[in-house]
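# A closer look at the structure
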Amino acid sequence: MSGPLAFAAIADALEAERLRVAAIPHARLAREMAELALDEIRASSRLAGATIDRAELRALLDRGIALGDRPLATYVIAADYADATRFVEASAVGPRQAYLRLGEIVELHARASRRSPEARPGVWRTMTFGPFPSGTVPPPPWLVPRDIAAYVDRLAAGPPDRANTMLWIANAHERFERIHPFTAGNGRTGRLVLNLLLRRCGYPPFAVRDRDGAAYARALQRADMRDPWPLATLVARCVLASLSRLAACAENVDLADLGSLASGAERDALYKAAQRGRLRTVRRGTSVLTTQTWIDEYRASRFTREVRSIEP
């Protein structure tokens with residue numbers, strides 16, 4: 001399946017799940033939203049080189065205790081990134097709210113690198129970067145203020161009419177990384193900006209699963225080469241997984257490992273359907289969870305598609 005077609009399949013499933021979650025009272029989602037936020041902090045910290053497990057992260061954020069024997073930098077990166085995510089979570093949402101402001105980018109970087117003075121928290125870079133693996137060269141430092149201001153102006157009004165939100169957000173993420181406006185911490189700040197845009201568009205946060213770290217790096221590289229589809233598909237797939245978790249939590253469904261509900265060729269087909277967004281699943285760590293009801297719904301929808309394909 002080509003890039004645009006693969007993305008379209010995920011985007012359709014994502015929109016259906018978004019509408020399902022939008023109808024659920026926020027109070028029923030609060031606990032799972034907190035779990036999603038924890039997962040996003042851990043995932044983004046890991047991408048920044050700070051590997052920490054959920055129990056250690058929870059102890060650090062809830063009690064200020066550094067469990068384990070991680071390097072000090074690991075706890076500093078995770079704690080500062082968590083502070084920046086709280087800024088995102090507290091940001092206003094509404095039809096009159098600008099989707100992005102220049103001061104918000106500065107604040108996010110300042111918080112995410114608060115105890116890393118070498119990153120020059122909240123200050124535009126004054127150094128020159130060489131080309132990325134894609135061959136793209138970030139702008140020279142004297143152009144950064146102009147480019148980042150133009151970036152904000154372009155995004156402030158939100159997604160254009162008839163534009164796909166996930167594609168718009170993925171392009172915004174790639175553009176931020178291409179500008180590389182800070183001395184260090186651009187990856188973390190870029191993901192914080194991405195999640196701020198997601199929040200203002202009515203979506204849960206984007207968190208890169210451990211096994212998708214290399215795919216995320218490759219997708220950013222492809223986006224630098226003017227192929228946005230892998231990155232847009234990855235963002236949409238991860239947001240869909242978050243929405244499915246919220247829906248399952250609110251519905252209080254009986255989740256089970258997908259592999260325990262099917263066998264043989266059908267199990268393989270169900271895994272592929274889950275990857276394409278056609279089968280509702282919930283991912284927790286490395287586990288792919290679903291329900292018998294969701295499998296039955298997928299079978300019924302597949303039968304409908306097959307009947308339509310043979311109609312004259």
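Scroll up for the structure.
Report on the accompanying structure.

How each quantity is defined
- Residues numbered from 1 in each chain as written.
- Predicted model: local features only at pLDDT ≥ 70, side-chain atom pairs only at ≥ 80, totals over all residues.
- Heavy atoms only, no water.
- 1 Å grid on protein atoms, 1.4 Å probe; cavity = no way out; pocket = protein on both sides within 12 Å on 5 of 7 lines; lining within 4 Å.
- Points joined across faces, edges and corners; volume = space filled by probe spheres on them.
- Helix = DSSP H or I, 4+ residues; strand = E, 2+ residues; numbered from the N terminus.
- Nonpolar A, V, L, I, M, F, W, Y, C, P; charged D, E, K, R; others polar.
- Salt bridge = Lys/Arg side-chain N within 4 Å of Asp/Glu carboxyl O.
- Buried < 20%, exposed > 50% of the residue type's maximum accessible area, 1.4 Å probe, protein only.

## Examining empty space enclosed by the protein
It is the rolling of a water-molecule-sized probe over the atoms that shows where space remains empty. By the definition in use, this model includes one cavity of 30 Å³ or more. Volume-wise, the largest cavity comes out at about 30 Å³. Sort the elements by how many residues they give to the lining of the largest cavity and helix α2 (residues 30-47) lands first, with three residues. Residues of the lining of the largest cavity, tallied by class, amount to three nonpolar, one polar and three charged.

## Overview of the pattern of salt bridges
Two side chains with opposite charge may pair up if their charged atoms get near one another. Per the counting criterion, the structure on display carries 23 salt bridges. With a shortest N-O distance of 2.9 Å, D212 and R209 are connected by a salt bridge. Judged on exposure class, the residue D212 and its partner R209 are both buried. A single salt-bridge network, built from bridges that share partners, covers E32, E35, D39, R54, R58 and R245.

## Quick look at the side chain of R42
With respect to the helices and strands, R42 occurs in helix α2. Given a relative accessible area of 16%, R42 falls into the buried group.

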